[in-house]
Structures are given as C-alpha cells and as structure tokens.
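Structure at a glance
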Amino acid sequence: MEAGNNPATAGSALAANPPKTIPPTVGRVVYYRMREPDSRMSIYDSSTPLDAHIVYVHSDTCVNLVVFDHSGNQHQRTSVPINVVDGGGHSAW
C-alpha cells in the first residue's frame, strides 16, 4: 500500500497540509447567513442558509452578492465577509 493511500496516516497528512481556501470568483454559488432578521426577506426556516451568487470580489475575504430568499426573491448585499465567521452576516462555501 502506498503511503498516501494509508488510512492510518491520512489524518496526519491533512494536519501537515491543511486544505487551501477557495478564492472567491464572480459566478460562484455560496451560502449566505444573515446577522439579524430582515423583514424584506421571506425566510421560512432561519437555520437554513440562503442561496447566493458572487457578483463582485473586493478581496479574498470580501464580496458582493445577489441573495435569494426562500421564496426566490432577489436581494443585494455588498461588502459581505466570505470564509470569515464573526457572528455577523457572512457567506461560505
């Protein structure tokens, strides 16, 4: 068995080479979670993330999104953190 295929050493290989963050690009689909309720959005279950698409990339950690609520209505969000969970509204893969 090759070393890379050995289940016993797979965990240590991941620890030595953690997965790289996916760079945000226009057109990618992400999840969006709101910081606080928004009465303009139709939300059926607050534990379910919203579908969102990246429409502009400011940096590897900040994007603009078009967000779809649970009824399919479109909303815009600007300067949204991505891959950063700080208790506020954020997006993630």
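Coordinates for the structure precede this section.
Now for a quick tour of the structure. Everything numeric in this text was worked out from a predicted model, so none of it was measured. (Residues numbered from 1 in each chain as written. Predicted model: local features only at pLDDT ≥ 70, side-chain atom pairs only at ≥ 80, totals over all residues. Heavy atoms only, no water.)

**What to know about the overall build of the chain**
Basically, it comes down to this: A helix here means a DSSP run of H or I that spans at least four residues, while a strand means a run of E at least two residues long, and both kinds are numbered starting from the N terminus. Here, two residues are considered to be in contact whenever any of their heavy atoms come within 4.5 Å of each other. Method for areas: the Shrake-Rupley scheme with a 1.4 Å probe, in which residue coverage is limited to the protein chains shown.
Scanning the chain from terminus to terminus reveals one helix and five strands. For the chain, the N- to C-terminal ordering of α and β elements is α-β-β-β-β-β. For the chain, restricting intrachain contacts to residue pairs at least 6 apart in sequence, the fraction spanning at least 24 positions comes to 45%. For the chain, the exposed surface amounts to about 6300 Å²; the carbon and sulfur share of it is 53%.

**Remarks on the pattern of salt bridges**
Stated precisely, the cut-off is as follows: Between Lys or Arg on one side and Asp or Glu on the other, a salt bridge is scored when a side-chain nitrogen of the former is within 4 Å of a carboxyl oxygen of the latter. Think of it in three bands: with a 1.4 Å probe and only protein chains considered, a residue is buried below 20% of the maximum accessible area for its type, exposed above 50%, and partly exposed in between.
Per the counting criterion, the structure on display carries two salt bridges. Here Asp38 and Arg40 are joined by a salt bridge, their closest N and O atoms 3.0 Å apart. Assessed through its relative accessible area of 13%, Asp38 is described here as buried. Within this structure, Asp38, Arg40 and Arg77 form a network of salt bridges that share partners.

**Looking at the side chain of Asp69**
Here is the rule: In summary, the charge assignment counts Lys and Arg as positive and Asp and Glu as negative, without counting His or the chain termini. The definition of a polar contact used here is a pair of N or O atoms within 3.5 Å, where within protein one atom must be able to donate a hydrogen and the other to accept one, and adjacent residues in sequence count solely through side-chain atom pairs.
Within the element layout of this structure, Asp69 appears in the loop between strand S3 (62-68) and strand S4 (74-81). Although Asp69 is buried, it makes no salt bridge; Arg77 carries the closest opposite charge, 8.6 Å away. There is a polar contact of 3.0 Å between the side chain of Asp69 and the backbone nitrogen of Ser42. Within the local environment of Asp69, its side chain forms a polar contact with the backbone nitrogen of Asn73, the two atoms lying 2.9 Å apart. Beyond its immediate chain neighbours, meaning those up to four positions away, Asp69 contacts Arg40, Met41, Ser42, Ile43, Leu50 and His75.

**Some points on the side chain of His75**
By the secondary structure assignment, His75 is in strand S4. The class for His75 is buried, based on a relative accessible area of 12%. In this structure the side chain of His75 is engaged in a polar contact, spanning 3.1 Å, whose partner is the side chain of Asp69. Here His75 is in contact with Arg40, Met41, Leu65, Val66, Val67 and Asp69, once residues within four sequence places are set aside.

**Quick notes on the layout of surface pockets**
Threshold: Using only the protein atoms, space was sampled on a 1 Å grid; points where a 1.4 Å probe fits but cannot get out form cavities, open sets with protein on both sides within 12 Å along at least five of seven lines form pockets, and lining residues are those with an atom within 4 Å of a point. Grid points are joined across faces, edges and corners, and a volume is the space filled by probe spheres set on the points. Following the grouping adopted for this structure description, the nonpolar residues are Ala, Val, Leu, Ile, Met, Phe, Trp, Tyr, Cys and Pro, the charged ones are Asp, Glu, Lys and Arg, and the polar ones are all others, Gly among them.
Of the voids in this model, the second largest pocket is the one considered here, and its volume is about 190 Å³. Lining the second largest pocket we find Tyr32, Arg33, Met34, Glu36, Pro37, Asp38, Ile43, Ser46, Thr48, Pro49 and Leu50. Taken together, the residues that form the lining of the second largest pocket break down as six nonpolar, two polar and three charged.

**Considering the pairing of S4**
The following threshold applies: Only strands that DSSP links by at least two bridges are regarded as paired with each other.
Pairing of S3 with S4, which is carried by six bridges, proceeds in the antiparallel orientation. Within the sheet, the bridge partner assigned to Val67 lies in S4 and is His75. Between S3 and the antiparallel strand that follows it, S4, lie five residues; Gly72 among them carries a positive phi value of about 90°.

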